[in-house]
Amino acid sequence: MTVHCADALRFSFEKMLQAGEILRLTGNLPYNISSPLLFHLLDSRHLFEDIHVMLQKEVVNRITAPPGTRTYGRLTVALAARCKVENLFDVHPGSFTPSPRVESSFLRLTPLQNPKVSAVLAPAFDQLVTKAFNMRRKQLSNALRELLDANQIRSAGVDPTWRAENLDVDAFVRLSQLWLQRDLSSAPRKA
């Protein structure tokens, strides 16, 4: 057994790989850093066959929330675009000594062989999703006005009066593709 003593938010999981191996991760994530740690794991998802983690139940409920609900958010969309997400089971406080004041759930993330966002699209996708959810109470035409106008949003098959929580992952992908294409076509050409 090899013990790696490091900051989990900065740890390079590639250090653990042996030639030809793929990793499987399991753990009880510290609840106070679970979201940043999951975003960090997303960056290394290509190294993992699957990821099994115990989290606070309300975090798992957010991660697995469907569009149109108050708990649906940036983490939900980021994970769903790149992984199959499954809430496997709940773990009650009485399962621990001492008993915590929160309920937990066990989550499985299986990286998609064909993620909904390519490596080229990922930065635009992440920026657009972040911007949309940073102003989640505003209509998309206002929240995304620095990136796309109402007509462009509509051309992606999305109602510009909707809010971020109303969009499924595919709608975010279409908006990101449109924004990336627009940026690439308006970039100055080198001679």
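Residues numbered from 1 in each chain as written. Predicted model: local features only at pLDDT ≥ 70, side-chain atom pairs only at ≥ 80, totals over all residues. Heavy atoms only, no water.

1. Brief notes about the side chain of Thr76
Mapped onto the elements of the fold, Thr76 is located in helix α3 (residues 74–80). The class of Thr76 is buried, set by a relative accessible area of 5%. With near-sequence residues (within four places) excluded, Thr76 lies in contact with Arg62, Ile63, Ala65 and Thr71. (Helix = DSSP H or I, 4+ residues; strand = E, 2+ residues; numbered from the N terminus. Buried < 20%, exposed > 50% of the residue type's maximum accessible area, 1.4 Å probe, protein only. Contact = heavy atoms within 4.5 Å.)

2. Describing the packing of aromatic side chains
Tallied over the entire structure, the rule returns five aromatic pairs. For the ring pair Phe13 and Phe48, a centre distance of 5.5 Å and an interplane angle of 70° mean the geometry is edge-to-face. With Phe13 in the segment before β1 (23–28) and Phe48 in strand β2 (residues 48–56), this pair connects stretches of sequence that are 35 residues apart. By relative accessible area, which is 8% here, Phe13 ends up buried. In this structure Phe48 comes out as buried when scored by relative accessible area, which is 4%. With 5.3 Å between their ring centres and 20° between their planes, Phe89 and Phe106 make a pair best called stacked. Highlighted residues: Phe89 in strand β3 (residues 83–91) and Phe106 in strand β4 (residues 104–111), separated in sequence by 17 residues. On the basis of relative accessibility, which here comes to 18%, the residue Phe106 falls in the buried class. Its guanidinium or amino end placed over the ring of Phe39, Arg74 lies 4.2 Å from that ring's centre, counting from NZ or CZ. (Phe/Tyr/Trp six-rings, centres within 6.5 Å; stacked < 30°, edge-to-face > 60°. Lys NZ or Arg CZ within 6 Å of the ring centre and 35° of its normal.)

3. Some remarks on the sheet that holds β3
In spatial order, the strands read β1-β2-β4-β3; together these four strands make up an open sheet with mixed pairing. Strand pairing shows two members of the sheet lacking a second neighbour, β1 and β3, which therefore form its edges. Looking at each pair of strands side by side, their axes are set apart by 15° on average, direction ignored. Bridge count between β1 and β2: six bridges; the pairing is parallel. Note on β2: the bridge partner recorded for Gly27 is Val53. (Pairing = 2+ DSSP bridges. Axes fitted to C-alpha atoms, helices over the stretch in contact; angles between N-to-C directions.)

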